[in-house]
Amino acid sequence: MSPPLSLVSRISLSILIFVHVSLASTPLVDFDRMGKVGLAGSFSGFSFLDNSSDISSSLDPSSSTLLSRASNGALSRIGSTNAGGNILAGCTLGDTFYFGGSFSSVGSTNANNVASYKPSSGSVSALGSNGPNGEVRAMYCDADAKKVWVGGSFSSPARSVAVWDVASSSWSAPPFGSLSGSNPEVSSITTNSSHSSLFFAGSFVTTFGDGSAINGTNNPNVPFSSGATPFSSSLVPVPLENAEVDGSPSTTESGFSDPHNILCPAGSDGPGNSWFARDGGKATVTVRKFSFLSASGVRIGNTFAEGRSTTGFSVTTIPDNTPRTLHYFDPQSGSNKTCTDPCPLLTDPSVPYQDFLFDSPVDITGFQLTLSEWNGAGPGLHLLQLLSSGAFASSIANDNGASCFAPNPSNTSQTGTWIEKDANTDIPGTVQAVLVSEVNVGTPSSQSPTFTWMPYVSASGDYDINLLVPGCTDFQDCNLRTSVKVTVFPGDGLNPVIKTVSQRNTDNAVVNIYSGPVVPSTPTFVATITMALADNPEGDGQNGKYEIVADRVQLVLKNANVTADAANGASNSTVGGGTHGFGFFEWPLSASSLSSSNGALPNSSITALDAAGFDLLNALGGTSSVLSTSAVVSAVAHHSSGTIYLAGNFKLSSGSANGASNIVAFKNGALSTLPDNGLNGPVSSLIVQDDQLFVGGQFTDTTSGSTSGALSGVALYDVKNNQWKAMEGGVNGAVSSLTIVQDALVVAGNFTAPLQAPNKPLTNSPSSFASWDIKAGSWSETSGLLMGNLTFVTGSTLEEDGEIMAGRISASYEFGASGFALLQNANDDDGIPKVTPLSLTLGSPGASPSSSSSMTSTSRRRSHVRRAAAAIIPRIGSFFKRQATTGASSLAPLPSTRPTTAPSILAGAFWTNSSSGKDVAILGGNFSFTGSSGESAQNLALYDLDTNTVRALPGNQVNGSVQTLLVDNNLLFVGGSFTIPGTNLVGFAIYDLASEAWDVTGVQSLQSGTSDGAADVVVRSVSLSPSQGGVVIVGGSFAKAGDVSCRAICAFDVQRKVWSALGSGIQGEVAAVAYAGNTRDIIIASGSLALADSTLTNVAMYTIANSTWSAVGNTDALPGPVTAVEVNNGNSSSIFAAGKSVDGSSSYLSFWNGVSWTSIGSSFASDTAVSQLIMVPLQNTHPANGIVEPDRMLMMSGSISDPSFGNASSVLFDGSQFIPYILSSSSSGTPGAVSSLVHSISQFSFNQRHFLATGVVILISIAIAAGVVFLLALIGILWTLFSRRDDKYNKFDPADADDDSSTNHRPTSLLEHINAATRNTILGTPNELYNSSAEKSASSAVGVGAAGEHDPFGPDASNYLRAETPSDAFVGMGGEDSSRPAHARYSFDGNGEGELPLEKGQEIEVLDDRDAAYVFFSFESLL
């Protein structure tokens, strides 16, 4: 906390003011009382700070931060790791979230790689002391067993997989032991669709079976070399005795000049068995077979004769002339390595040769070996062989030569008649001879011609056996083609496999006929593949004939580590003993613990889905191949149909899914490709919902580019329709993790925004985080601004409908908004205002940003900010820095600040379109955008709040920045530093919003007073004078307005379009203008000013009534020029001014109390820049003080830095303390700035309106109603008493005591008086009961006032005159002819007009007594 500042006022009563910073509860600003309110500035996101906001600590992007996100978008930081740490996985079990990665601590808790978090206590805890000793990449929480499964790259407590028992708080190895492989790693642990099994995926090898290896480490017919692997030494070399071999340049030395010597040397290194190149230079050995070859690599043996040896070489294949990347085993380091040019060749005589393998088997006609480095006189070799893909056999006998080191060549046999034909191959310019045989249609398979291949197999292993079938188009025999039955005998003890193959293919085809173990029983073993006519041949044949074709069979070695258990009858790798799988493993949760001395699992533990791992291993080239590559299965998803989807970083080179890239399906017991063979980049995450498979990773399209780049980072695979679908445009980066919460797919990774279409980002979306509405099929706008990249996200029951996420985050903000947002009062209990961001991507002028026409009301997100160093806080724009004013050389220039970083919104105004009734926000600043109609515009925009669209102002665009706006009726006044093409207007212009055109008629331009008259004209303030109708006050940096000399401030008559000076004028530059006085008839100008008599003052007061200027305070009262000023509700004795010292070394805020200026904010850092001061009303109150009333606060906006709270974009001042209120940031993470708070009501009230609860209001209403009734009754009683006060009472007559007509009382008069008193109040009609004439006429025979409607408040009988009996009364109301006799109870003198006198006791006849007030009667004595 900064030290208090003691400030002594210059008034008679000294006031000691202590100014300090508070992080108390956020004041509730009453935005709704200000009308429509907008926040404008230079920012991409902002947060409201409250007492729970952490503004004192920063988020270190070098560490990994764990965050929780609530359903309303609120982000809360759980903790951060040590620097360099990573959080990569997590899951929820009960009320605890478990997370893992690579770290040594989280916050203040020491935890190695795994930790837990309890929201109830907010604590992070380590899990035991013997947990994983390496990186954790996958986690699964088993709620039933109360266990946490952990996978990754570690060796303890078990290799790659460990289990945490929650009940016993202990670690253990998994029940299946460990996974094997070279640096095995588990990348994913998920469950199957029924939650009964766990799926493990990654880069590891599974081993099943307990048998021992048949062949040991090498082929027994191949001399052992530590430079070869069991896999490479099992590959049969291609016979090259008939190949063309050329070594150039070659030595002329006898015994070393023939390169044929090295193809299959008969003896040891020396003459006749080695080849030398010419001394002192590079050399090439070119081998051409001129026929189709399938090769996996080369075998090279060095020469050591005469001190020569080769140390570096490269290989290029023919005819594609492709330099090959080679993979080899380095016996010196014991590791697998990769090389291209040059590849190293060992010079160790104990290593007779080394095997170098291609990425995958390739079809070639030859190769060229370049020897580029050597020892001795020149390069040379002792051995050179081309390694096949495993084994082979051709139907042409001459092609089946004996391979080097092989005891016998491959062989063939046939029955029936076979003739030779030439077939084109897939290699241009080459042909391959094949055999064909015709057979009569209808011939049984048992009687058809047969052909048998017997390829020599040098070693046992898992093989793909392929049948090569030439296309029928080149042979022009498609009508003859049919299908054949192929029987494969893989070896002793293994059951034969029969498969039907169609030969009706138009193009050359490679058909897999067997995948599984091939087990030679002797060193001379050959596999047997027999072909005959199919049992049910396809096609009708031609001329009664079928034709069957015999070309070649090809054995592709996948795995050389097949054990003797394979002889127990296994027919393929899914059930045989000693079987290996890669990248996928299923473990039933109900299975018992297993153990094995050699790490292998018993065959009884194999599940049907484990075959996916077996097939993957075979399709990737076997164990040796996968261990020498970076292949990995990163994610698994199980569809309800039973199909498993496996994805990661791989490419399959054989089998049923040959060609699949990075994603593959396993269904019906076999791998199968997805459309277009998958995706063109690695996949990191999969998640399935119904028939939609969501895929995330680092890809942009399918392998064939079928979506034109629409699958960027994330894709949707439609399971039902078997097709890829774009998720609009994807995201503009890599995706690391996916999860589903409710009906939303949550995407996390290293990207900045989701894409509505390729290269069209969605606006106001937090970096690295996006939400896809699954039902709507579109991206949803998510609140907040997140900076950094996320490594994982998962749904969490800890936050209802929320997520837990982690990554390297530098900052996060509640709301994402590009320079502007609408503000309203909060609609919930947290008090954070409701924010509607501007849904528009702004760019720098001249750029072409994308736009969106949608606008979303955004809910609160808790901010997590870092306290930035003051040196990196951006300054508010160049709209303050201008030239010193001529004639006032002693004036300091306005503060020299850096330009506001574009894009920035610097000003705003609200306008209601009178013709359409639509509300529009008009925005000005330094920016460019693309409007809703696709138009490009800059610096001025119309934001339609009803249709949520943004468009440009029709007409010429503003060239330059707009710094102030004012709307008066349909006129828009624009001020700034700009010109408008086609006009002479500079810095100030008028736009007619109704006619949508610039109003240039009669408007004279502003001038600077320099030679060109226009340079450096800047208007910073345009305001409507409240006390002068139709007068606009313009302030800034200028000298003249047309021909009128009015430096820095001038008045503009809107109606007459005439400029006029204000009194004698002022000198200098105006930064801001405010108004004072009850009628706002005093203008307060601020900036760097002097009066006309050169009296220096940075705040000047102009009294409109007498047209005089005066200085506000002494000349030296303020430290320097003022950048912002505010008058407290028109009180000229309560003025606030902010600015910078003359030398720019400090910033200040000062208060004018009517007598003197007092500094109240001198602790601000020197780079603080205040762009606006405004008094804002509050919903609540603050403690009273002598500066600011309790119902309001002063809001400072700009870029504010203070040692006690770091930086803020808006700060509230309540008269005694500064409260950081808004923190903003640019898209790059640097602090943002707020330029202004825009409001539609120019003069709003600060008086607070307090409302009682509904229940209290009802109770009060009832009490008031009861009181009113009681009061009316009391008035009636008093009225009656007073009206009878002067009555004369007759003597008491006993004879009248029991008479109804007694004069002692009138039984119904009291009630009638009360009714009369209340009739006016309740019915709202004139009451004639208390009209004396009416009362008299009520007793008259004629009834002057005609009877009106029936009075509901009258008595049941007639008033004063009534029937003697109820029956008489009833009869009396029977009709006009009915009457009854009666006697007058009182005497009546009848002096009024139309009245007749009555005597007491006089007999009368009642004609009608149905009205309570009037009785019609007659009496004969008066007629």
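Residues numbered from 1 in each chain as written. Predicted model: local features only at pLDDT ≥ 70, side-chain atom pairs only at ≥ 80, totals over all residues. Heavy atoms only, no water.

Trainee: Is there a simple way to think about the confidence of the model for the protein in this case?
Mentor: Do not read the fine detail of predicted coordinates wherever pLDDT is low. Looking at the protein, the pLDDT average stands at 80 and 79% of residues meet or exceed 70. Note on residues 563–577: pLDDT under 50 across the span, and 50 contacts to partners over four residues away in sequence or across chains. Contacts for the low-pLDDT stretch residues 1317–1377, under 50 throughout, to residues beyond four places or in other chains number 108 contacts. (pLDDT = per-residue confidence, 0-100. Contact = heavy atoms within 4.5 Å.)

Trainee: Help me out: how do you make sense of the nonpolar core in this one?
Mentor: In a soluble, globular protein the nonpolar side chains are often hidden away together inside. Judged by nonpolar contacts, the single largest core of 47 residues is most densely connected at Phe46, Phe1136, Leu1149 and Leu1237. Dropping the residues within four chain positions of it, Leu1149 is found in contact with Phe1136, Ala1137, Ala1138, Thr1158, Ser1159, Ile1160, Gly1161, Phe1164, Leu1173, Leu1194, Met1196 and Phe1218. Among the nonpolar cores identified, the runner-up in size contains 43 residues, and Val626, Leu646, Leu652 and Phe666 belong to it. (Core = buried A, V, L, I, M, F, W, Y, C linked by side-chain atoms within 4.5 Å. Buried < 20%, exposed > 50% of the residue type's maximum accessible area, 1.4 Å probe, protein only.)

Trainee: Sorry, what's going on with the sheet that holds strand 56 (residues 778–780) here?
Mentor: Within a sheet, adjacent strands bond to each other through the backbone by hydrogen bonds, running parallel or antiparallel. With antiparallel pairing, the 4 strands of this open sheet are ordered in space as 51-52-55-56. A strand with exactly one partner marks an edge of an open sheet, and here the two such strands are strand 51 (734–741) and strand 56. The sheet shows a mean angle of 35° between the axes of neighbouring strands, direction not considered. Pairing of strand 51 with strand 52 (residues 744–750), which is carried by 7 bridges, proceeds in the antiparallel orientation. Counterpart to Ile740 in the pairing with strand 52 is Leu745. (Pairing = 2+ DSSP bridges. Helix = DSSP H or I, 4+ residues; strand = E, 2+ residues; numbered from the N terminus. Axes fitted to C-alpha atoms, helices over the stretch in contact; angles between N-to-C directions.)

Trainee: I keep staring at the environment of Leu785 and nothing clicks. Help me out?
Mentor: By the element assignment, Leu785 lies in strand 57 (residues 785–796). A relative accessible area of 10% means that Leu785 is categorised as buried. Spatially, the C-alpha atom of Leu785 lies 4.8 Å from that of Gly816, the residues being 31 residues apart in sequence.

Trainee: Honestly, helix 2 (residues 611–619) in this entry has me stumped. Any pointers?
Mentor: Three- or four-residue spacings in an α-helix give side chains the same orientation, since the helix completes a turn every 3.6 residues. Counting buried residues in helix 2 gives 9 out of 9 residues, a clear majority hidden from the surface. Burial in helix 2 covers these residues: Ala611, Ala612, Gly613, Phe614, Asp615, Leu616, Leu617, Asn618 and Ala619. Directly after helix 2, the chain includes Gly621, whose backbone phi takes a positive value near 105°.

Trainee: I keep staring at the state of the cysteines and nothing clicks. Help me out?
Mentor: Here, disulfide denotes a covalent bond that connects the sulfur atoms of two cysteines. One pass over the structure, following the stated rule, counts 5 disulfides. A sulfur-sulfur separation of 1.9 Å characterises the disulfide bridge that pairs Cys339 with Cys343. A torsion of 100° about the S-S bond marks the disulfide between Cys339 and Cys343 as right-handed. Between the sulfur atoms of Cys1046 and its disulfide partner Cys1050 the distance amounts to 2.2 Å. The S-S bond linking Cys1046 to Cys1050 shows a torsion near -85°; that makes this disulfide left-handed. If one numbers only the bonded cysteines of the protein, in the order they occur, the disulfide pattern is 1-2, 3-6, 4-5, 7-8, 9-10. (Disulfide = S-S within 2.5 Å.)

Trainee: Can you walk me through the pairing of strand 22 (residues 283–302) in this structure?
Mentor: Each regular strand displays side chains that alternate between the two surfaces of the sheet. The element strand 22 is largely enclosed, with a buried count of 17 among its 20 residues. Note that strand 20 (residues 244–248) and strand 22 share 5 bridges and pair antiparallel. Bridge assignment links Asp246 to a residue of strand 22, and that residue is Thr286. Sheet topology note: the strand 22/strand 28 (residues 354–375) ladder contains 13 bridges and is antiparallel. Across the sheet, the residue bridging to Val285 is Leu369, located in strand 28. Where strand 22 meets strand 29 (residues 380–388), 7 bridges bridge the pair, whose relative direction is antiparallel.

Trainee: Please explain the pattern of salt bridges as it appears in this structure.
Mentor: Between side chains of opposite charge, a pair can form as their charged atoms come close. Counted by the stated rule, this structure contains 24 salt bridges. Across the salt bridge formed by Asp464 and Lys558, the nearest N and O atoms sit 4.0 Å from each other. Placement of Asp464 in strand 35 (residues 461–469) and of Lys558 in strand 41 (residues 552–559) is noted, with a sequence separation of 94 residues between them. In this structure, the salt-bridge partner of Asp1053 is Arg1056, at a minimum N-O distance of 3.3 Å. By relative accessible area, which is 57% here, Arg1056 ends up exposed. Beyond isolated ion pairs, a larger network of salt bridges with shared partners links Lys421, Asp477, Arg481 and Glu547. (Salt bridge = Lys/Arg side-chain N within 4 Å of Asp/Glu carboxyl O.)

Trainee: Any chance you could explain empty space enclosed by the protein here in plain terms?
Mentor: Where empty space is left becomes clear once a probe the size of a water molecule has been rolled over the atoms. Under the criterion given, the structure shown has 15 cavities of 30 Å³ or more. Reported here for the largest cavity is a volume of approximately 290 Å³. Taken together, 20 residues line the largest cavity, and the ones lying closest to its centre are Phe292, Leu293, Ser294, Phe392 and Arg552. Tallying contributions element by element places strand 22 first for the lining of the largest cavity, with 5 residues. Of the residues contributing to the lining of the largest cavity, the split by class is 9 nonpolar, 8 polar and 3 charged. (1 Å grid on protein atoms, 1.4 Å probe; cavity = no way out; pocket = protein on both sides within 12 Å on 5 of 7 lines; lining within 4 Å. Points joined across faces, edges and corners; volume = space filled by probe spheres on them. Nonpolar A, V, L, I, M, F, W, Y, C, P; charged D, E, K, R; others polar.)

Trainee: Please explain helix 4 (residues 1254–1283) as it appears in this structure.
Mentor: Spanning 30 residues, helix 4 covers 43 Å between terminal C-alpha atoms, matching the ideal 44 Å at 1.5 Å per step. Those residues of helix 4 not exposed but buried are Leu1272, Gly1276 and Thr1280. (Expected span 1.5 Å × (residues − 1).)

Trainee: Explain the packing of aromatic side chains to me, please; I cannot follow it from the model alone.
Mentor: For any pair of aromatic rings, the description rests on two quantities: the centre-to-centre distance and the angle between the ring planes. On inspection of all chains with the given rule, the structure shows 37 aromatic pairs. Residues Phe99 and Phe103 carry aromatic rings whose centres are separated by 5.9 Å and whose planes lie at 35° to one another, so their mutual orientation is tilted. Residues Phe313 and Phe356 carry aromatic rings whose centres are separated by 4.9 Å and whose planes lie at 80° to one another, so their mutual orientation is edge-to-face. Of the two residues, Phe313 sits in strand 23 (residues 309–318) while Phe356 sits in strand 28, which places them 43 residues apart along the sequence. Of the residues examined, Phe356 reaches a relative accessible area of 0% and is grouped as buried. One aromatic cluster is present, formed by Phe43, Phe46, Phe48, Phe815 and Tyr1221 through successive ring pairs. (Phe/Tyr/Trp six-rings, centres within 6.5 Å; stacked < 30°, edge-to-face > 60°.)

Trainee: Just checking my understanding: could you explain the pairing of strand 89 (residues 1233–1239) for this structure?
Mentor: Of all 7 residues in strand 89, 6 are buried, a share of seventy percent or more. Two elements, strand 4 (residues 37–42) and strand 89, share 6 bridges in a ladder whose sense is antiparallel. Looking across to strand 89, one finds that Val37 is bridged to His1239.

Trainee: Sorry, what's going on with unusual backbone geometry here?
Mentor: Of all residues except glycine, most have a negative phi; of all peptide bonds, most are trans. With an omega of 15°, the peptide bond between Ile318 and Pro319 qualifies as cis. Here Pro319 is to be found in the loop between strand 23 and strand 24 (322–323). Residue Pro342 follows Asp341 across a cis peptide bond; omega there is 0°. Positionally, Pro342 belongs in the loop between strand 26 (335–339) and strand 27 (343–344). Although it is not a glycine, His195 sits at a positive phi angle of roughly 60°.

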